[in-house]
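One-letter residues, chain by chain:
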Amino acid sequence: MPYAAITYPVKPGHEDEIAEIFAAFQRVPTPVLVDDEGKEAGRLVGTAVFIKGEVMIRVIHYEGDLVHVARNMARHKGVHELEAKLAPYLAETRDTGTPEAFGRYFSNATMRCISQLSADTLPAGARTP
């Protein structure tokens, strides 16, 4: 199951305010990701958000294709409410008001993954304690 990391350049000195915004975030009602026809296309396994200084990163653990993660997030009312509350603390203005604009931002802000290791990727015959 892959991970993705999305960057959010933020104004430094607002970590507590941003943490409060995420504490009130309304999660999606289902982890199931759907395609444009409404068919199951994957699953959102989990997310985590990290912040330090002027860098915030959202880590997304998912099954399926990252395109479906972005599309489902773009459709979620809670994500748009979160984006509006975050806007004053962002170092760069961005357009996430439409699904297409959200998708462009999501794509541009996704960090390049250079390594993903998990118990599933252990070499055959590897010892575990």
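As the structure is a computational prediction, the values presented were derived from the model and not from experiment.

What counts as what
Residues numbered from 1 in each chain as written. Predicted model: local features only at pLDDT ≥ 70, side-chain atom pairs only at ≥ 80, totals over all residues. Heavy atoms only, no water. Helix = DSSP H or I, 4+ residues; strand = E, 2+ residues; numbered from the N terminus. Contact = heavy atoms within 4.5 Å. Buried < 20%, exposed > 50% of the residue type's maximum accessible area, 1.4 Å probe, protein only. Polar contact = N/O pair within 3.5 Å; in protein donor to acceptor, adjacent residues only side chain to side chain. Salt bridge = Lys/Arg side-chain N within 4 Å of Asp/Glu carboxyl O. Core = buried A, V, L, I, M, F, W, Y, C linked by side-chain atoms within 4.5 Å. Patch = residues over 30% accessible without salt bridge, like charges linked within 9 Å, V, L, I, M, F, W, Y side chains within 5 Å. Areas by Shrake-Rupley, 256 points an atom, 1.4 Å probe, with all protein chains shown as cover. Lys, Arg positive; Asp, Glu negative; His and termini not counted. Charge placed at Lys NZ, Arg CZ, Asp CG, Glu CD. Pairing = 2+ DSSP bridges. Axes fitted to C-alpha atoms, helices over the stretch in contact; angles between N-to-C directions.

Undergrad: Looking at this structure, how should I read the side chain of His61?
TA: Checked against the element boundaries, His61 lands in strand 4 (residues 55-64). For His61, the contacting residues outside a window of four places in its chain are Met1, Pro2, Tyr3, Arg43, Leu44, Val45 and Gly46.

Undergrad: Sorry if this is basic, but what is going on with helix 2 (residues 66-75) here?
TA: Of all ten residues in helix 2, seven are buried; the element is thus mostly enclosed. The set of residues buried in helix 2 consists of Leu66, His68, Val69, Ala70, Asn72, Met73 and Ala74. If you follow the buried residues of helix 2, they end up packed against strand 1 (3-9), strand 2 (32-34), strand 3 (40-52), strand 4, helix 3 (77-86) and helix 4 (99-109). For helix 2, the N-terminal cap is Asp65; the gap from its side-chain oxygen to the backbone nitrogen of Val67 is 2.9 Å.

Undergrad: It is not clear to me how the pattern of salt bridges should be interpreted in this structure. Could you clarify?
TA: When charged atoms on two side chains of opposite charge get close, those side chains can pair. Applying the stated criterion to the full structure yields five salt bridges. Two residues, Lys77 and Glu81, come together in a salt bridge whose shortest N-O distance is 3.6 Å. Separated by four residues within a single helix, Lys77 and Glu81 lie in helix 3, roughly one turn from each other. Residue Lys77 is classed as exposed on the basis of its relative accessible area of 62%. The partly exposed category is assigned to Glu81, whose relative accessible area is 36%. Connected through salt bridges with shared partners, the residues Asp36, Arg71 and Arg75 form a single ionic network.

Undergrad: Can you help me understand the side chain of Thr96 in this one?
TA: Relative to the helices and strands, Thr96 resides in the loop between helix 3 and helix 4. For Thr96, a relative accessible area of 8% gives the class buried. Residues in contact with Thr96, not counting those within four places in the same chain, are His80, Glu83, Ala101, Phe102 and Tyr105.

Undergrad: Would you explain the nonpolar core in this entry?
TA: Soluble globular proteins tend to bury their nonpolar side chains together. Core analysis: the biggest nonpolar cluster contains 26 residues, and Tyr8, Ile60, Val69, Leu86 and Phe106 have the highest contact counts within it. Elements that contribute at least two residues to this core include exactly strand 1, helix 1 (15-23), strand 4, helix 2, helix 3 and helix 4. The dominant element in this core, judged by the number of residues it contributes, is helix 2, at five residues. Leu86 has contacts with Tyr8, Ile18, Ile21, Phe22 and Met56, leaving out every residue within four places of it along the chain.

Undergrad: Looking at this structure, how should I read a negative patch on the surface?
TA: A contiguous patch of negative charge, built from Glu15, Asp16, Glu17 and Glu20, is present on the exposed surface. Looking at the secondary structure, you find Glu20 in helix 1. Under the relative-accessibility criterion, Glu20 is labelled exposed at 58%.

Undergrad: Teacher, can you tell me more about the sheet that holds strand 1 here?
TA: To summarise the sheet geometry, strands pair through backbone hydrogen bonds and adopt either a parallel or an antiparallel arrangement. The sheet built from four strands is open, its strands ordered 1-4-3-2 with antiparallel pairing. Strand pairing shows two members of the sheet lacking a second neighbour, strand 1 and strand 2, which therefore form its edges. Going from strand to strand, the sheet's axes swing by 35 degrees on average, the running direction of each strand aside. In the sheet, strand 1 pairs with strand 4 via seven bridges, with the strands oriented antiparallel. Bridging across to strand 4, Ile6 finds its partner in Arg58. Sitting on the sheet, helix 1 touches strand 3 and strand 4, and the angle it makes with strand 3 is about 155 degrees.

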